[in-house]
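Here is what each chain is made of, one letter per residue.
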Amino acid sequence: MKSILVTGGCGFIGSHTVLALLQAGFNVCVIDNLYNSSYESLKRVQKLAGKKTDFHQIDLRDKEKLKSLFDQSRFDAVVHFAGLKAVGESMEKPLLYYSNNVYGTINLCEVMKGAGVFDIVFSSSATVYGNPERSPISEDQRLGAVNPYGQTKLIIEEMLRDLHRSDPQWNTALLRYFNPVGAHKSGEIGEDPNGIPNNLMPFVSQVAVGKLDELKVFGNDYPTRDGTGIRDYIHVSDLANGHLKALKKLAENPGIVTYNLGTGKGATVLEVIHAFEQASNVKIPYKIAPRRPGDAAVTYADSAKAEKELGWKAERDLETMCRDAWNWQSKNPQGYDS
Ligand code: NAD
Ligand code: UD1
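Residues numbered from 1 in each chain as written. Chains lettered and ligands numbered in written order. Predicted model: local features only at pLDDT ≥ 70, side-chain atom pairs only at ≥ 80, totals over all residues. Heavy atoms only, no water.

**What to know about helix α1 (residues 12–23)**
To keep things clear, this is the line we draw: Helix numbers and strand numbers start at the N terminus; a helix is a DSSP run of H or I with at least 4 residues, a strand a run of E with at least 2. Working rule for helices: expected span equals 1.5 Å times residues minus one. Contacts are assigned to residue pairs with any non-hydrogen atoms lying within 4.5 Å of each other.
Its 12 residues place the ends of α1 17 Å apart at the C-alpha level, agreeing with the 16 Å of an ideal helix rising 1.5 Å per residue. At its buried positions, α1 is contacted by β1 (3–7), β2 (27–32), α2 (39–49), β6 (171–177), β7 (179–181) and α8 (236–250).

**Concerning the environment of Val128**
Keep this limit in mind: For the exposure calls, accessible area comes from a 1.4 Å probe over protein chains only, and a residue counts as buried if that area is under 20% of its type's maximum, exposed if over 50%, partly exposed in between.
By the secondary structure assignment, Val128 is in the loop between β5 (119–125) and α6 (148–166). On the basis of relative accessibility, which here comes to 0%, the residue Val128 falls in the buried class. Along the chain, Val128 and Gln141 lie 13 residues apart, while their C-alpha atoms are 9.9 Å from each other. When residues no more than four places from it in sequence are discounted, the contact partners of Val128 are Leu143, Gly144, Ala145, Lys153, Leu154, Glu157 and Arg176.

**Here's the deal with the site of ligand 1**
Put simply, the rule reads: Any residue with a non-hydrogen atom lying within 4 Å of a molecule or strand is treated as near it. The term polar contact refers here to a pair of N or O atoms within 3.5 Å; inside protein, the definition further demands a hydrogen-donor-capable atom paired with an acceptor-capable atom, and it admits residues adjacent in sequence only when both atoms are side-chain atoms. The method behind every accessible area is Shrake-Rupley, applied with a 1.4 Å probe, and residues are considered shielded solely by the protein chains displayed.
Of all residues adjacent to ligand 1, which total 26 residues, the nearest are Asp32, Asn36, Ser37, Lys85 and Tyr149. Here a nitrogen atom of ligand 1 and a backbone polar atom of Asn33 are 3.1 Å apart. Within the side chain of Tyr149, one N or O atom sits 2.7 Å away from an oxygen atom of ligand 1. Isolated, ligand 1 exposes 820 Å² of accessible area, and the fraction of that covered by the protein chains is 95%. Counting only elements with at least two residues in the shell around ligand 1, the list comes to α1, β5 and α6. Considering every element that reaches the shell around ligand 1, the biggest residue donor is β5, with three residues.

**Notes on the packing of α1 against α8**
The following threshold applies: Fitted lines through C-alpha atoms serve as axes, helices being fitted only where they are in contact, and the angles separating the N-to-C directions of these axes extend from 0 to 180 degrees. Roughly parallel covers angles under 35 degrees, roughly antiparallel covers those over 145, roughly perpendicular covers 65 to 115, and oblique covers all other angles. Here a crossing is called left-handed whenever its near helix is offset anticlockwise from the far helix by less than a right angle, and right-handed whenever the offset is clockwise. The classification used treats Ala, Val, Leu, Ile, Met, Phe, Trp, Tyr, Cys and Pro as nonpolar, Asp, Glu, Lys and Arg as charged, and all other residues, Gly among them, as polar.
Two elements in contact, α1 and α8, have axes separated by 8 Å at closest approach and are oriented at 60°. Classified by the interaxial angle, the pair formed by α1 and α8 is oblique. The crossing of α1 and α8 is right-handed. The residues of α8 that touch α1, namely those facing Phe12, Ile13, His16, Thr17, Ala20 and Leu21, are Val236, Ser237, Leu239, Ala240, Asn241, His243, Leu244 and Leu247. In terms of residue class, the contact of α1 with α8 is made up of nine nonpolar, five polar and no charged.

**What to know about the site of ligand 2**
Not every one of the 17 residues close to ligand 2 is listed here, only the nearest: Lys216, Phe218, Arg231, Arg292 and Asp295. In this structure, Asn199 approaches ligand 2 through a side-chain N or O atom, which is 2.9 Å from an oxygen atom. A distance of 2.8 Å separates an oxygen atom of ligand 2 from a polar backbone atom of Leu200. Expressed as a share of its isolated accessible area of 750 Å², the protein-covered part of ligand 2 is 87%. Per element, the largest residue contribution to the shell around ligand 2 is four residues, and it comes from strand β8 (residues 215–218). Its residues placed into classes, the shell around ligand 2 shows seven nonpolar, six polar and four charged.

**A word on the sheet that holds strand β11 (residues 256–261)**
Filter applied, for reference: By the convention used here, strands pair only if DSSP detects at least 2 bridges between them.
As summarised here, the arrangement of the seven strands in space is β3-β2-β1-β4-β5-β6-β11, forming an open sheet in which the pairing is parallel. In this open sheet, the two strands that pair with only one neighbour each are β3 (54–57) and β11. Here the average twist between neighbouring strands, direction ignored, is 20°. For β6 and β11, the ladder comprises six bridges, and the chain directions are parallel. Looking at the pairing, Thr172 lines up with Ile256 of β11. The strands that α1 touches are β1, β2 and β6; relative to β2, the one it contacts most, it runs at about 165°. Against the sheet, α6 touches β5, β6 and β11, its axis set at about 150° to β5.

Note that all results are geometric; they support no functional claim without further evidence.
Here you go:
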């Protein structure tokens, strides 16, 4: 049985992926510094799976602790989610983002190399395309970050490419997620943002549950079918499956590979609001506000490469994403503190 180390495994995407890994029969060890999550998510994952994971509260920047973990345990591969992800915060505290995301990944790779572990799946993001020239976006489109968070993802991608060039033993999957939303169908695990959410779906669900009064729709004068921004929302459980497929790919020694993980379909902000209203049977009050600086009008993925090379395809539609997000939010109005 394969042993996988998951960094950031208590977070939103990590917890769903740990569940999928346990259900697929992997041994899983999670490290997380719990900066943006709680151990409660992992408790629930273990309950859902009926299986245990190993857990260590370790910060990736603590190389000694990381090294002693690798000295004690043998891992076949690492799935690397740990990182900070708030765009606004990254503009206020760029050094925190470079230190946490870039330096943390350098430490991880150094320790992996020392231990002879060369397979890594990295959480990249559609943010590496910056303001894309066109959609659908394929993996070979021009890259360019527009904020420090995005820069950290680009730098890490480049670093992992250099690492592979220096030593072809490295097998690396760079997974560029589009807009992860939804929750596990049980409603036991889901997205639990700190403070007021920046992203659309968690904001909408907190309005629906009565935690926030109304949504601001950032701009209705974009050149789209209803004037509001278009994004490629992808169910977190589909995303979790993408990691299983990527691990399978790494076992074939592919070198470094890059995949977009999206549905290939875009939804406008108003379409998301209406889908959520249908799923929850709750009216979402909203008002039109100015555009949010830095936002692109339209981004959605061309995920044909992942389908062809990984045999992966998103299966869940927007209705399912909204239904599962609402199931989680209504069962856990205060997130994991409920
Ligand atoms: P999350 O914040 O829920 O999970 C990240 C986890 O990493 C958290 O549990 C946090 O405590 C942990 N962590 C952060 N820094 C750490 C460190 N130095 N050492 C140990 N643990 C640390 O975020 P998520 O939404 O699950 O995102 C997971 C990854 O996917 C991130 O790298 C993120 O940048 C990337 N990503 C997320 C999205 C999104 O919209 N959610 C989109 C594209 C890419
Ligand atoms: C944001 C980040 C991006 C990150 C992505 C996934 C910015 C500028 N970009 O992108 O780097 O990779 O999340 O985590 O923050 N919207 C509203 N009202 C809201 C919130 C959002 O109308 O309160 C709109 C936005 O204008 C956009 C759509 O909803 O058109 C989706 O927004 P969001 O969920 O923040 O995702 P991204 O804009 O794709």
